[in-house]
Amino acid sequence: MKKQIPIMKPYFDDREAAAVAEALKSGWVAQGPRVAEFERLVAAHEGVGYGVATTSCTTALHLLTVTAGFGVGDDVLVPSFTFVATPNSVEYTGARAVLADVDPATFNLSVPWLESFLAENYAAGDDGYYHRRDGNRLAGIVPVNLFGLCAELPAINRIAAQYGMKVIEDSACAFGAMIDGTHEGGFGNPSALSFHPRKSITTGEGGMILTDSEEFAGRLRVLRSHAASLSETQRHRAKGYLLPEFDEIGFNYRMTDLQAAVGIAQMEKIDLITAARRRLAGRYDRLLAERVPWLIAPYVPAGYTHVYQTYCCRIRLEALGLKSIEEGNRFRNAVMDLLETNGIATRQGTHATHTLGTYRGRYGYAAYDLPGAYESDRLSIALPLYVELTDEDQDRVIDELIRSAAVRRS
Ligand SMILES: Cc1ncc(COP(=O)(O)O)c(C=O)c1O
C-alpha cells in the first residue's frame, strides 16, 4: 500500500511525553506553573507583554468579545472566509456578526470592500456610527490572520480608529506571522492564538490571548477562572483556608498544566518547525510555478512574513479553459477525490461562513453577496504541509496533482 500523506501531522518527539510525565509526577495537573511558563514563552516569542492561556482559540475569542463589551444591538465585522468559530465568538455575546468580503489573493479581509461597505451602511451619530437601516451600533471588527498571513492590520487599525471600532485579531493560524518585522499581536490589538493539532504547534486543544496591557491580562485571568477574586495559586500559597468571592459571571477556560507541558516542549522546537514549514512552502512555490500552471500558489505581499499554517492554493480557471466558479469547483472536488483515493489528503481552505446554514439562515445571505469569500471557498485547495513531509512526499503530491487533473480532463 502507498504511504498515506495527511494534510497535517503534529511534530512530536520524546520531549512531549517526558514533559507530560513530569507534570503528572508533580501532582499539579490543572492550571499551574507550567501554564505560566508556556504563557511567558509564547508572549516573548511574539514580542508581546503578556499571554493568557485558554482551552482553545474559540474560548480566547469569547473572552475578548465579552471584554470588548459587545452585546445586543452591536455590529461586529468579521471576514466571511474563516472558520465558523470567528463569527460565533461574536454572536455568543448577542452582537451581530456582519460578514465581510475577502481578497481571494490573500484570503484576508478586503480593505477596499470594508471602506465602501462602512461608508454605505453606517452613519455618524452622537457617540459613534450606527447602521443606517436598523440603527445597530458599529462596535468592532475581528480581522483574521488566515493560514499564517497577517491581514492588512495597519490599514484595518486606521479604519477602526476612524469609525470607533474595537479590534480583536483572530490569530488562530498565525503564530509567528509578521508585517515588517512586527509579529501578530504586536499591532496594539489583543490577539487570539490556537494550539489545535492543525496549527504549527499544538497542545491537543488550547489557545492564548496576547496583549501588551498588564491590567487587561489580569482581567482576562480572572474571567477565565470563574471570575474568582483569588487565583488557585494565591489560595495554595495561603497559610489558612481562603475562600474567593465571585462578583460577576466568569468562565472555566483554563488550560491544564498537562497541555502546557506539551506546549513548552513544542516551544523548544518552534524555530525548527517554522523554518521547515517555510522551506517546504518555498519548494511548493517552485514546483507549482514549474509544473502546475492551473494552481495559484499563496501570495505574500511585500514586507509580510507568511508562516504557512496552511499552504492554500487557488484553481486558476483560465489555465483550464473553465468559465465559472462552479465549473472550477467541480474540477477541484474531482481532483481532491482522486488524490484522496491515492492516499494524499487535501482540503478546501476554509468556509465562506455566509454560505453555512447558521449565517445563511440567520441573515439571508446569497452566495454571491460576498464574491471574494465565495470564490475562496469554492476554488481553494490546501496541500499537505508538516515538518516530516519529505521532498519525495512533496514530489508525489505534485505528480498526483498533475495526474489527477489529466484524468479529470480526459
Ligand atoms: C481562523 C480560525 N479561528 C478560530 C479557530 C478556532 O480555534 P480552536 O479550534 O482553537 O478553538 C480556528 C480553528 O481552526 C481558525 O482556523
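On a predicted model such as this, the values are computed, not experimentally measured, just so you know.

Novice: For the domain arrangement of the protein, give the residues involved together with the corresponding values.
Specialist: Partitioning the protein into structural domains gives domain 1 (14-267) and domain 2 (270-409). Distance from the C-alpha centre of domain 1 to the C-alpha centre of domain 2: 27 Å. Each side of the interface is counted separately: domain 1 has 33 residues, and domain 2 has 33 residues. Of all the secondary structure elements, the ones that give two or more residues to the side of domain 1 that touches domain 2 are β4 (102-103), β11 (178-179) and α9 (257-267). Counted by class, the side of domain 1 that touches domain 2 contains 20 nonpolar, nine polar and four charged residues.

Novice: Hey, could you go over helix α6 (residues 153-163) for me, with residue numbers and the actual values?
Specialist: Within the sequence span of α6, burial applies to L153, I156 and A160. Considered in projection along α6, the buried side chains sweep an arc of 60° and stay on one side of the axis. Away from its buried face by more than 90 degrees, α6 exposes R158, A161 and Q162. Buried residues along α6 sit in contact with β5 (108-109), α5 (111-121), β8 (137-141), β9 (166-167) and β11. The first or second residue beyond α6 is G164, which carries a positive phi of 70°.

Novice: Tell me about the pairing of strand β14 (residues 207-211), residues and numbers included.
Specialist: For β14, a buried count of five out of five residues is recorded, marking the element as mostly surrounded by other parts of the structure. Side chains G207, I209 and T211 project from β14 onto one buried face, and the interleaved M208 and L210 project onto a second face that is buried too. Examined bridge by bridge, strand β1 (residues 50-54) and β14 share five bridges and lie antiparallel to one another. Opposite Y50, over in β14, you have T211 as the bridge partner.

Novice: Could you give me a rundown of the pairing of strand β2 (residues 74-79), with the residues and numbers involved?
Specialist: It is a general feature of regular strands that their side chains alternate between the two faces of the sheet. The element β2 is largely enclosed, with a buried count of six among its six residues. On β2, burial covers both faces: D74, V76 and V78 on one face and D75, L77 and P79 on the other are all buried. Where β2 and β8 come together, four bridges link them in parallel fashion. Residue pairing in the sheet places V76 in a bridge with G140 of β8. Both β2 and strand β3 (residues 96-100) contribute to a ladder of five bridges, which runs parallel. Paired with V76 across the two strands is A97, which belongs to β3. For the crossover from β2 across helix α4 (residues 85-91) to β3, the handedness is right-handed.

Calculation rules
Residues numbered from 1 in each chain as written. Predicted model: local features only at pLDDT ≥ 70, side-chain atom pairs only at ≥ 80, totals over all residues. Domains from an automatic or database assignment. Contact = placed C-beta atoms within 7 Å. Helix = DSSP H or I, 4+ residues; strand = E, 2+ residues; numbered from the N terminus. Nonpolar A, V, L, I, M, F, W, Y, C, P; charged D, E, K, R; others polar. Buried ≥ 20, exposed ≤ 12 C-beta atoms within 10 Å, placed from the backbone. Arc of directions from axis to C-beta. Pairing = 2+ DSSP bridges. Right-handed = clockwise from strand over helix to strand, strands pointing away.

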